[in-house]
Amino acid sequence: MASAVMKKALNPIKDSLILRVLSSRNLRFSSVATAGNPESDDTSSSFTFNEKKNDKGDSIYIKGPSSNSQRETTSVTMPMSFMTGSIVGKRFYQQVSTREADDGNGWTVMLDYRTLKTPSKRPLKLPTLSLAKAIAAEWEYQQTDGIRPFTMPLMKLACTALERVPLTRMKIIDYLMKKFNQDLVFCRAPGDSDLTIGVFERQVEKIDPLLQWVESEFGFMPVVYSSFFGGKQEDGLVNAIQNLLKKTDDCELAAMDAIASAAHSLVIAIGIFRGKLQIEEAIELIRLEEDLQVDKWGLVEGGHDIDIADLKVQISSAAAFLGLSRRY
């Protein structure tokens with residue numbers, strides 16, 4: 001199950017350019033869910049990552065167990081720097097495996113004999129075995145010279161779902177609804193200009209079917225507009241979308257928030273969530289206007305190509321996380 005969903009989700013990002021993206025720039029998740037550092041009690045572990053400032057700047061190191069420790073510890077805790085693009089230290093484990101949680105409710109990832117924990121030192125308890133195996137694969141992929149969190153988008157989303165969403169759920173929903181009236185798919189290029197007529201025709205062809213689907217799902221036809229400042233959707237549609245978000249679980253909301261942040265569109269995120277849109281279709285809608293400009297003026301190497309690969313990573317990983325986290 002895990003391999004099938006991962007293969008489907010990662011299919012659109014096969015090209016080698018993704019490796020350049022992962023190594024040359026940090027993936028940006030600017031959503032509310034990934035903001036802030038949760039507070040937690042300090043607990044020791046066999047290997048604990050720490051942030052230490054010195055004259056050369058910030059550095060990440062692995063602190064071994066203290067010499068006066070009287071008990072054997074069996075966990076490894078990820079630092080808050082895990083949520084950034086830093087290399088956090090050398091690979092300190094040999095084998096990666098999964099096992100059922102001690103309480104029988106969920107699954108955990110094991111690095112050798114240590115249970116993987118979140119940045120706030122809580123057990124990384126995942127809802128499905130498929131998701132646990134996918135995250136274990138991310139850890140298995142890490143090279144001996146350093147652990148690269150920016151190559152582990154599923155791990156990042158799992159930490160977001162377990163750490164941030166429970167604390168900021170209403171803030172996430174409020175932020176998504178605040179941006180809803182300015183959704184990408186509601187913005188329509190003027191159809192009476194020679195400069196934008198091609199964009200307008202493509203929007204009618206590609207986006208209108210999605211808007212009609214929204215009407216069939218929620219009972220209200222979205223209003224399109226040509227203003228940069230957005231418009232106002234009917235209260236009935238706003239309330240229906242808000243109620244949908246409130247019914248999501250933490251993993252679903254984390255994935256939808258990540259997709260909406262990357263796509264600048266909550267409607268596209270809902271389309272993926274409800275199975276209306278496939279990953280390739282979503283990316284085509286997100287890049288509709290820019291792709292038309294590329295067709296007309298050409299692609300800028302090191303610019304457009306990197307942006308495309310970056311978008312594919314963010315949308316594909318969030319969609320994969322959404323599918324793998326569901327209990328069927």
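Here the structure is a predicted model, which is why all the values come from computation and not from measurement. (Residues numbered from 1 in each chain as written. Predicted model: local features only at pLDDT ≥ 70, side-chain atom pairs only at ≥ 80, totals over all residues. Heavy atoms only, no water.)

Draft legend 1. Layout of the pairing of strand β6 (residues 114-117). Sheet analysis places strand β5 (residues 107-111) next to β6, joined by two bridges and oriented antiparallel. Bridged to Leu-111 within β6 is Arg-114. As consecutive antiparallel partners, β5 and β6 are separated by two residues, and within that stretch Asp-112 has a phi angle of approximately 60°, a positive value. (Pairing = 2+ DSSP bridges. Helix = DSSP H or I, 4+ residues; strand = E, 2+ residues; numbered from the N terminus.)

Draft legend 2. Representation of the nonpolar core within the structure. Counting 78 residues, the largest nonpolar core has Ile-135, Trp-139, Leu-266, Ile-268, Ile-272, Ile-315 and Phe-321 as its most contacted members. The greatest single-element share of this core, amounting to eleven residues, is contributed by helix α4 (residues 153-178). (Core = buried A, V, L, I, M, F, W, Y, C linked by side-chain atoms within 4.5 Å. Buried < 20%, exposed > 50% of the residue type's maximum accessible area, 1.4 Å probe, protein only.)

Draft legend 3. Main features of the environment of Thr-128. For Thr-128, the position within the fold is in the loop between β6 and α3 (129-141). Put simply, Thr-128 and Trp-107 are 21 residues apart on the chain and 6.3 Å apart in space, counted from C-alpha to C-alpha. For Thr-128, the contacting residues outside a window of four places in its chain are Trp-107, Leu-324, Ser-325, Arg-326 and Arg-327. (Contact = heavy atoms within 4.5 Å.)

Draft legend 4. Representation of the confidence of the model for the protein chain within the structure. Looking at the protein chain, pLDDT values average 80 and 74% of them are 70 or higher. Model confidence for the protein chain, summarised as mean pLDDT per element, is weakest for strand β2 (residues 57-63) at 34 and strongest for helix α9 (residues 266-273) at 98. Per-residue pLDDT stays below 50 along residues 12-30; that stretch engages in 43 contacts with residues further than four places along the chain or on separate chains. Counting contacts from residues 35-73, a segment whose pLDDT is below 50, to residues more than four positions away or on other chains yields 71 contacts. (pLDDT = per-residue confidence, 0-100.)

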